[in-house]
Amino acid sequence: MRIHTISTSPFTDQKPGTSGLRKKVTVFKQENYLENFVQSIFNALDNTKGMTLVLGGDGRYYNREAIHIILRVAAANGVAKILLGCNGILSTPAVSNIIRQYKANGGIILSASHNPGGPDEDFGIKYNIDNGGPAPEKITESIYQQSLHISDYKIIDANAIDMDHIGELTLGEMKIHIIDSVADYADLMEKLFDFELIRDYVQSAEFKFCFDAMHAVTGPYAIEIFEKRLQAPAGTVIHEVPMADFGGGHPDPNLVHAKKLVKKMYAADAPNFGAASDGDGDRNMILGRHFYVTPSDSLAILAANTTLIPGYAEGLCGVARSMPTSQAVDRVAKVLGIPCYETPTGWKFFGNLLDAGKISLCGEESFGTGSNHVREKDGLWAVLFWLNILAVKQQPVVKLVHDHWLQYGRNIYTRHDYEAISSKKADALIRHLRDHAESLKGKKYGSYEISLCDDFSYIDPVDGSESQHQGIRIFFTNGARIIYRLSGTGTQGATLRVYIEQTETDTKKIRLSFKRTPQELLAGLIELSTSLADIKHLTGRTKPDVIT
Ligand code: G16
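Quick notes on the rules
- Residues numbered from 1 in each chain as written.
- Predicted model: local features only at pLDDT ≥ 70, side-chain atom pairs only at ≥ 80, totals over all residues.
- Heavy atoms only, no water.
- Helix = DSSP H or I, 4+ residues; strand = E, 2+ residues; numbered from the N terminus.
- Contact = heavy atoms within 4.5 Å.
- Areas by Shrake-Rupley, 256 points an atom, 1.4 Å probe, with all protein chains shown as cover.
- Lys, Arg positive; Asp, Glu negative; His and termini not counted.
- Charge placed at Lys NZ, Arg CZ, Asp CG, Glu CD.
- Pairing = 2+ DSSP bridges.
- Axes fitted to C-alpha atoms, helices over the stretch in contact; angles between N-to-C directions.
- Parallel < 35°, antiparallel > 145°, perpendicular 65-115°, else oblique.
- Left-handed = near helix turned anticlockwise from the far one by under 90°.
- Nonpolar A, V, L, I, M, F, W, Y, C, P; charged D, E, K, R; others polar.
- Near = heavy atom within 4 Å.
- Polar contact = N/O pair within 3.5 Å; in protein donor to acceptor, adjacent residues only side chain to side chain.
- Buried < 20%, exposed > 50% of the residue type's maximum accessible area, 1.4 Å probe, protein only.
- Salt bridge = Lys/Arg side-chain N within 4 Å of Asp/Glu carboxyl O.
- Expected span 1.5 Å × (residues − 1).

Description of the overall build of the protein chain
When helices and strands are tallied, the protein chain shows 19 helices and 27 strands. For the protein chain, the C-alpha atoms occupy an extent of roughly 75 × 60 × 40 Å along the three principal directions. Of the contacts formed within the protein chain by residues at least 6 apart in sequence, a portion of 73% connects residues at least 24 apart. Looking at the protein chain as shown, the accessible area adds up to about 21200 Å², and 49% of this sits on carbon and sulfur atoms. Taken together, the 58 basic and 64 acidic charged side chains of the protein chain have centroids lying 5 Å from each other.

Quick look at the structure:
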């Protein structure tokens, strides 16, 4: 098959963000746009000859077309073998597992995660390395540099392949193995968790469980794991059919977007346990009856109960959280006597710590939790972890969380997002805070006194690489924190994220806090977060678009 070398010009907007390159479908559909980026990945990898790569996506609009293009560019670049998910579908944690299990050189994941899909919505692409995790910054930066200097890409002519049947094909000299998207992942889960115990639990008359796949990638995985292997009643999984536009929904598992699940979990006859995952299956939201578990608390609770789970019976060697994630897990680590690392936002920062055996559990406030079983956060894994804990403890979710707070203390927490504000205004707001950081120290606002204000930077303890400007942190003398940073995953303007946290260790006050919402409990600090950054004046916004 003939390899064509096509002349092209660089696009200047191909800098990967927190998790790969995310843009509108209309941007990706521009002539040469995807080809340029894929060739830039291959150029950054140096030598692609003979490589084995995993390829798949969350099934969103443009998934199939993109796969055809990537296959043709890969074949032209000498890639020897592609492991492609059947129908072009693979969840992000499943890709991570397949890379590791089959010792592939890396993988390309097509997803814009929790962002909506459709002709006018979002698409994304990211490269994962041979440990199964997202490419670290030095590789994403090299891909970006390649994209700025690209002058041609290689591609072969080929008709669209049939990706809907398991089997083997060739494209030019490249082999394509079309693999079952679900089986290896489900087998891995069965090794980590006590499926027998969970099976009895989910079948018991008192237990009702609802999992919302949000018409995204986890549908087939959840049906296989929950309804087939664990024999939960049919209908346990809702929105189980993956759709290119996620059924018109926004596949973000939070209280705003997982509407049907949230309504069910707050109804009079609510199930005991509810959960949801996102577009590509790496996020999770956990709910009890009439009760929402913040992702930060979820991470801390998993850490505190690890030894109940067969795959983690030996306990944890260390934990990590992203900087804006609440410090709830730090308290657990302290009690367990294990290290707790604080990284910038982005799963890629956990990779080195996991590979070096410094941590075995990690998570983020952005609905992500994971462990050393793969190198991505893992939505269904987190749900199974919770199910396993519940099956052992036989307690309602709310009691488990309340008992956790009473034992370890409570980190009352919320995140306020101001979406699609102008990038110029958002940058000015952060710059203003950064420039005034020094002068804020010692300032008093009612009962709050600022003890420190800085711009978070991180030195990777494994390879010594440094990441600067990772978010403005304001610490108060009473243990409270406010953090400001700009999202690296949006596709429209800028999203300002404000993270607000207050610690409470007095058990009497913790009991009193049970009946009140974080928004009520944090009202003073929330008010302060808007005035300290002058949000209303600098962005023109009077309230956040999303609260988690
Ligand atoms: C991605 C990253 C996460 C990050 C999240 C939010 O998740 O993998 O590590 O916490 O984005 O990032 P930001 O605050 O910059 O928008 P996902 O699920 O979107 O791939």
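Read on for the rest.
What about the sheet that holds strand E19 (residues 410-421)?
The seven strands are arranged E20-E21-E24-E25-E26-E19-E27 in an open sheet whose pairing can be described as antiparallel. Edge positions in the sheet fall to strand E20 (444-445) and strand E27 (546-547), since each has one partner strand and no second. As defined by bridge partners, E20 adjoins strand E21 (residues 448-455) across two bridges and the pair is classed as antiparallel. Within the sheet, the bridge partner assigned to Tyr 445 lies in E21 and is Tyr 448. The sheet strands contacting helix H15 (residues 423-440) are E19, E20, E21, strand E24 (472-476), strand E25 (481-486) and strand E26 (494-504), and the helix crosses E25 at an angle near 140 degrees.

Examining the packing of helix H10 (residues 295-304) against helix H11 (residues 328-336)
Interhelical geometry of H10 versus H11 gives an angle of 15 degrees and a closest axis separation of 7 Å. In terms of orientation, H10 lies roughly parallel with respect to H11. Pair H10 / H11 crosses with right-handed handedness. Only Ala 328, Val 329, Val 332 and Leu 336 of H11 make contact with H10, whose side of the interface consists of Ser 296, Asp 297, Leu 299, Ala 300, Ala 303 and Ala 304. Considered class by class, the residues forming the contact of H10 with H11 number eight nonpolar, one polar and one charged.

A short note on the site of the ligand
Around the ligand sit 19 residues, and of these Glu 364, Ser 487, Gly 488, Thr 489 and Arg 497 come closest. Ser 366 has a polar side-chain atom sitting 2.6 Å from an oxygen atom of the ligand. Contacts to the ligand include Gly 488, whose backbone N or O atom sits 2.6 Å from an oxygen atom. Summarising the interface, the protein chains cover 99% of the accessible area of the ligand, which totals 470 Å² for the free molecule. Grouping the amino acids of the shell around the ligand by side-chain chemistry returns one nonpolar, ten polar and eight charged.

Things to note about the pairing of E25
The buried fraction of E25 amounts to five of the six residues, a majority that puts the element mostly inside the structure. As paired elements, E24 and E25 share four bridges and run antiparallel to each other. Counted as the bridge partner of Ile 474 is Ile 482 from E25. The hairpin turn running from E24 into E25, its antiparallel successor, is four residues long, and Gly 479 in that turn takes a positive phi close to 95 degrees. Pairing analysis gives six bridges linking E25 to E26, with the strands arranged antiparallel.

Some points on the pattern of salt bridges
Inspection of the entire model under this criterion finds 24 salt bridges. Across the pair Lys 15 and Glu 141 runs a salt bridge whose closest N-O atoms are separated by 3.1 Å. Of this pair, Lys 15 sits in the loop between strand E1 (3-7) and strand E2 (21-24) while Glu 141 sits in helix H5 (residues 137-149); the two residues are 126 residues apart in sequence, bridging distant segments of the chain. Judged by its relative accessible area of 46%, Lys 15 falls in the partly exposed class. One salt bridge in this structure joins Arg 229 and Glu 190, with 2.8 Å as the shortest N-O distance. With Arg 229 in helix H8 (residues 218-229) and Glu 190 in helix H6 (residues 183-192), this pair connects stretches of sequence that are 39 residues apart. Put simply, Arg 321, Asp 330, Glu 342, Asp 454, Arg 473, Arg 481 and Glu 501 are held in one network by salt bridges that share partners.

A word on H15
Helical geometry note: an α-helix holds 3.6 residues per turn, so side chains three or four residues apart project in the same direction. Relative to the 26 Å expected for 18 residues at 1.5 Å per residue, H15 spans 25 Å between its end C-alpha atoms, a close match to the ideal helical length. Downstream of H15 by a residue or two, Gly 442 has a phi angle that is positive, lying close to 90 degrees.

Comments concerning the packing of helix H13 (residues 379-393) against helix H14 (residues 397-408)
Two numbers describe how H13 lies on H14: the axes approach to 11 Å, and their chain directions differ by 90 degrees. Considered as vectors, H13 and H14 are oriented roughly perpendicular to each other. Together, Trp 386, Ile 389, Leu 390 and Lys 393 of H13 and Val 397, Leu 400 and Val 401 of H14 make up the contact between the two elements. Residue classes in the contact of H13 with H14 are distributed as six nonpolar, no polar and one charged.

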